[in-house]
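Here is what each chain is made of, one letter per residue.
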Amino acid sequence: MTVHLNSQADLDDAITALVKQDPRLRAVLKRAGRPALRRREPGFAGLAAIVCGQQLSVASAAAIWQRVSAAFDPFHHDALRRARADRLGRLGLSAAKIKTLKNLARELAAERLDLEALAEQDADAAHARLTALHGIGPWTADIYLLFCLGHGDAWPAGDLALQEAMRVGLKLEARPTPKQMAPLAEPWRPLRGAAAHLWWAYYHAVKQREGVIGKVSA
């Protein structure tokens, strides 16, 4: 069963269910408070925005995305597929990001990829489909599934803020690695995406800093 987090009520219900599934999360919820649902535009624009923001500061990513999205209005994969690489470079995109976005545009144009249909797939299968694409790593795939599609079981195991929050909240000896994050989240299936929202809220409460939610909110 695929759970969708399309509204604040969906997220609230999922958090309530999570706390019943795993009593350890009661203290996490008490400290964090109810997390707010954050969503982004789905489809090519949503994934492209995440790609543009990889490995950049929030301000730099926002500035580049503003230039790119303004240059292609409406933002459509065919327009970017036909755009010259030097034009994209002048907008601030690196050669690696240009290659990734152009490959995505070609896959969409050839109808080999349906980004929105991933919302109905098992989270692990959807993750595998995205990471099979050139330039789409695990973190990018999971952030797209969670924030753009509202996939209730997406689990960004490579996110440093999640790892640190769980180290503190679960009283772990060390920050868990992405590989270790997978078994830690098993008790929260099929609501791992909701658990991620809760842990990011906990991270903010404990560290007084935003995690990924602050970076990708609309």
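Rules used in this analysis
- Residues numbered from 1 in each chain as written.
- Predicted model: local features only at pLDDT ≥ 70, side-chain atom pairs only at ≥ 80, totals over all residues.
- Heavy atoms only, no water.
- Core = buried A, V, L, I, M, F, W, Y, C linked by side-chain atoms within 4.5 Å.
- Buried < 20%, exposed > 50% of the residue type's maximum accessible area, 1.4 Å probe, protein only.
- Helix = DSSP H or I, 4+ residues; strand = E, 2+ residues; numbered from the N terminus.
- Salt bridge = Lys/Arg side-chain N within 4 Å of Asp/Glu carboxyl O.
- Arc of directions from axis to C-beta.
- Contact = heavy atoms within 4.5 Å.
- Axes fitted to C-alpha atoms, helices over the stretch in contact; angles between N-to-C directions.
- Parallel < 35°, antiparallel > 145°, perpendicular 65-115°, else oblique.
- Nonpolar A, V, L, I, M, F, W, Y, C, P; charged D, E, K, R; others polar.
- Left-handed = near helix turned anticlockwise from the far one by under 90°.
- Disulfide = S-S within 2.5 Å.

Caption draft 1: The nonpolar core, seen in detail. Core analysis: the biggest nonpolar cluster contains 72 residues, and Phe-75, Leu-130, Trp-155, Trp-188 and Trp-199 have the highest contact counts within it. Per element, the largest residue contribution to this core is nine residues, and it comes from helix α12 (residues 192-207).

Caption draft 2: Fine view of the pattern of salt bridges. Under the defined criterion, the tally for this structure stands at 13 salt bridges. In this structure, Asp-153 engages Arg-189 in a salt bridge whose closest nitrogen and oxygen atoms are separated by 3.5 Å. Of the two residues, Asp-153 sits in the loop between α9 (138-148) and α10 (160-169) while Arg-189 sits in the loop between α11 (178-185) and α12, which places them 36 residues apart along the sequence. With its nearest N and O atoms 3.0 Å apart, the salt bridge here joins Arg-192 to Asp-153. In this pair, Arg-192 is assigned in helix α12 and Asp-153 in the loop between α9 and α10, connecting sequence segments 39 residues apart. In this pair, the class of Arg-192 matches that of Asp-153, namely buried. Because the salt bridges share partners, they merge into one network encompassing Asp-124, Asp-153, Glu-186, Arg-189 and Arg-192.

Caption draft 3: Spotlight on helix α2 (residues 25-32). Residues of α2 that are buried include every one of Leu-25, Val-28, Leu-29 and Ala-32, and no others. Buried residues in α2, looked at end-on, bunch into an arc of 95 degrees, giving them a common side. Exposed positions of α2 whose direction lies more than 90 degrees from the buried face are Arg-26, Ala-27 and Lys-30. On its buried face, α2 sits against α1 (8-21) and α12.

Caption draft 4: Molecular detail of the packing of α10 against α12. The N-to-C vectors of α10 and α12 enclose an angle of 75 degrees; their axes lie 9 Å apart at closest approach. Compared by their axis directions, α10 and α12 come out roughly perpendicular. Contact with α10, carried on its side by Ala-161, Leu-162, Glu-164, Ala-165, Met-166, Arg-167, Val-168 and Gly-169, involves Ala-196, Trp-199, Trp-200, Tyr-202, Tyr-203, Val-206 and Lys-207 of α12 and no other residues of that element. Looking at the contact of α10 with α12, its residues break down into eleven nonpolar, one polar and three charged.

Caption draft 5: Focus on the packing of α2 against α12. Running from N to C, α2 and α12 cross one another at 55 degrees; their axes reach a closest spacing of 8 Å. Taken together, the axes of α2 and α12 lie oblique to each other. Relative to α12, the crossing made by α2 is left-handed. Seen from α2, the contacting residues are Leu-25, Val-28, Leu-29, Arg-31 and Ala-32; seen from α12, they are Leu-198, Trp-199, Ala-201, Tyr-202, Ala-205 and Val-206. Here the residues of the contact of α2 with α12 are counted per class, giving ten nonpolar, no polar and one charged.

Caption draft 6: Representation of the state of the cysteines within the structure. In total, this model carries zero disulfides according to the counting rule given. With no disulfide of its own, Cys-148 lies closest to Cys-52 among cysteine sulfurs, the gap being 12 Å.

Caption draft 7: Seen up close, unusual backbone geometry. Here the bond from Asp-73 into Pro-74 is cis, since omega is 5 degrees, no more than 30 degrees from zero. Note that Pro-74 resides in the loop between α4 (58-71) and α5 (77-82). Between Arg-189 and the following residue, Pro-190, the backbone shows a cis peptide bond with an omega angle of 0 degrees. Structurally, Pro-190 can be placed in the loop between α11 and α12. Of note in the backbone geometry, Glu-111 takes a positive phi value of approximately 60 degrees without being a glycine. When you line up the elements, Glu-111 lands in the loop between α7 (95-109) and α8 (123-131). Classification of Glu-111 by relative accessible area gives exposed; the value is 72%. Non-glycine residue Lys-171 carries a positive phi angle of around 55 degrees. Its place among the elements puts Lys-171 in the loop between α10 and α11.

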